[in-house]
Amino acid sequence: MSKSSPWAWFWIGLGVLYFFVPLFATLEFSLKAQKGFYSLTAYQVALTDPGFVRTFTFSLTMAAATVLVGFLLIVPTAYWVQLRLPRLRPIVELLTLLPFVVPGIVLAFGLIKLYGHPPFSFTESELSTNGLLISGYVVLALPYMYRAVDTGLRAIDVRTLTEAAQSLGASWPTILFRIIFPNLRVALLSGTFLTFAIVIGEFTLATFLNRPAFGPYMNLVGDKTYIPEALAIITFALTWASMGLIQFFSRGTPGQGPLAGTR
């Protein structure tokens, strides 16, 4: 072991303390809803609150719609860039990084300013407003979804799979939905869980578009005692469960779909 190893362990331990001590303090406080002993009362109240069920279900629905729209947009784009337009890869990667540069509040006001009045009045009904919210979520999740898909495409031989499918008479939609998508299932699952984690905790877009999402709900119960801490732990657990599922499914071997392993 090198001489720097003790220092490395020191900084790792310091990072663990910095991360887990506040988390443990939040967890302990959330268990003190009943004086004198620890209990799950705060969690029971939080999980049985009609507002929790309504907002969490709404955010879950929005997350599913975001995943569907995002992958239908990103997978064909990333596939075509890798297959036919590799010189455009740096430009596409730069575009997918823009959500990191543009603050969420700027995105929210931009959507409202552009689509909140004629000729694009998308805020006059719940359905159209939900569509506007989904489009904003797609933008926020774009960096994570694109990189998950791009990593999956680089792990398989896209050109060979495409040429093999074309030699069998497959059309482009068939190649995309029956060849490429199945071979990207690990990447798609990773992008799905990351998008889920983003949408569940998102606050700005849902607030300014006045949608009953889980992020604004957590803010509304912030004046209560023990309940916000319980919700924070629940959200943290959901996020880490998503990360754990990504690690679990990422252990699979890439390229196990149709035509995978053809020679």
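Quick note: structure is the one above.
Throughout this document, residue positions are counted from 1 along each chain, in the order its sequence is written. In keeping with the model being predicted, local features are shown solely for residues with a pLDDT of at least 70 and side-chain atom pairs are shown and tallied solely at 80 or more, while totals for entire chains, interfaces and linings include all residues. Only hydrogens and water are set aside; all other atoms, that is, all heavy atoms of the structure, feed into the side-chain values.

**Describing the overall build of the protein**
When its secondary structure is counted, the protein shows 13 helices and two strands. Residues counted as buried form 37% of the 263 residues belonging to the protein. Only heavy atoms enter the contact rule, under which two residues are in contact if any of them lie within 4.5 Å. Of the contacts formed within the protein by residues at least 6 apart in sequence, a portion of 79% connects residues at least 24 apart. When the accessible surface of the protein is split by element, carbon and sulfur atoms take 70% of a total near 15,300 Å². In the protein, which carries 17 positive and 11 negative side-chain charges, the distance between the mean positions of the two groups comes to 10 Å. To qualify as a helix, a DSSP run of H or I must reach at least 4 residues; to qualify as a strand, a run of E must reach at least 2; elements of each kind are numbered from the N terminus. Type-normalised accessible area, obtained with a 1.4 Å probe on protein chains alone, sets the label of each residue: buried when under 20%, exposed when over 50%, and partly exposed for intermediate values. Method for areas: the Shrake-Rupley scheme with a 1.4 Å probe, in which residue coverage is limited to the protein chains shown. A positive count includes Lys and Arg, and a negative count includes Asp and Glu. His and the chain ends are not counted in either. We put the charge of a Lys on NZ, of an Arg on CZ, of an Asp on CG and of a Glu on CD.

**Remarks on the packing of aromatic side chains**
Only Phe, Tyr and Trp rings are paired, with Trp represented by its six-membered ring, and only when their centres lie within 6.5 Å; those with planes under 30 degrees apart are stacked, over 60 edge-to-face, the remainder tilted. Using the criterion set out here, one finds 17 aromatic pairs in the structure. Measuring from ring centre to ring centre gives 6.0 Å for Phe19 and Phe236, while their planes differ by 45°; the resulting arrangement is tilted. Residue Phe19 is located in helix H1 (residues 5-30), and its partner Phe236 is located in helix H13 (residues 227-250); the two are separated by 217 residues in the primary sequence. What makes Phe236 partly exposed here is its relative accessible area of 26%. For the pair Phe29 and Tyr226, a centre-to-centre distance of 4.8 Å together with 25° between the ring planes defines the contact as stacked.

**Structural notes on the environment of Thr123**
Tracing the backbone through its elements, the reader meets Thr123 in the loop between strand E2 (120-121) and helix H7 (126-154). Considered as a pair, Thr123 and Phe71 are 52 residues apart in the sequence and their alpha carbons are 25 Å apart. Excluding residues within four positions of it along the chain, Thr123 makes contact with Tyr115, Gly116, Ser128, Thr129 and Leu132.

**Brief notes about the side chain of Glu202**
Within the secondary structure, Glu202 sits in the loop between helix H10 (185-201) and helix H11 (204-208). Pairs of N or O atoms are called polar contacts if they sit within 3.5 Å, as long as, within protein, a hydrogen donor faces a hydrogen acceptor (for residues adjacent in sequence, only side-chain-to-side-chain pairs). Here the side chain of Glu202 touches Ala206 through a polar contact of 3.3 Å, landing on its backbone nitrogen. Not counting residues up to four positions away in its chain, the partners in contact with Glu202 are Tyr137, Leu140, Gly215 and Pro216.

**Things to note about the environment of Trp240**
Note on placement: Trp240 falls in helix H13. Distance in space between the C-alpha atoms of Trp240 and Phe193 is 9.9 Å, their sequence separation being 47 residues.

**What to know about the pattern of salt bridges**
Where charged atoms from two side chains of opposite charge approach closely, those side chains can pair. For salt bridges, the criterion is a side-chain nitrogen of Lys or Arg within 4 Å of an Asp or Glu carboxyl oxygen. What the rule picks out here adds up to three salt bridges. Salt-bridge contacts for Arg89 lead to Asp150; the nearest nitrogen and oxygen are separated by 2.7 Å. You can see Arg89 sitting in helix H4 (residues 89-96) and its partner Asp150 sitting in helix H7, a full 61 residues away along the chain. With a closest N to O distance of 3.1 Å, Asp150 and Arg154 form a salt bridge. On the criterion of helical spacing, the pair formed by Asp150 and Arg154 is a turn pair, its members being four residues apart in helix H7. Given a relative accessible area of 6%, Asp150 falls into the buried group. Salt bridges sharing common partners tie together Arg89, Glu93, Asp150 and Arg154.

**Considerations on the environment of Leu188**
Position of Leu188 relative to the elements: it lies in helix H10. Taking the relative accessible area as the measure of exposure, Leu188 reaches 13% and is therefore buried. Counting along the chain gives 96 residues from Leu188 to Val92, while the straight-line C-alpha distance between them is 19 Å. Not counting residues up to four positions away in its chain, the partners in contact with Leu188 are Phe71, Val75, Val149 and Phe181.

**A word on unusual backbone geometry**
For the bond from Pro118 to Pro119, the omega torsion is 5°, close enough to zero to count as cis. By secondary structure assignment, the location of Pro119 is in the loop between strand E1 (116-117) and E2. One non-glycine residue with positive phi stands out, namely Asn210, at about 55°. Among the structural elements, Asn210 can be located in the loop between H11 and helix H12 (214-220). Under the relative-accessibility criterion, Asn210 is labelled exposed at 62%. A positive phi angle is found at Tyr226, which is not glycine, with a value near 75°. As for its position among the elements, Tyr226 is in the loop between H12 and H13. Under the relative-accessibility criterion, Tyr226 is labelled partly exposed at 22%.

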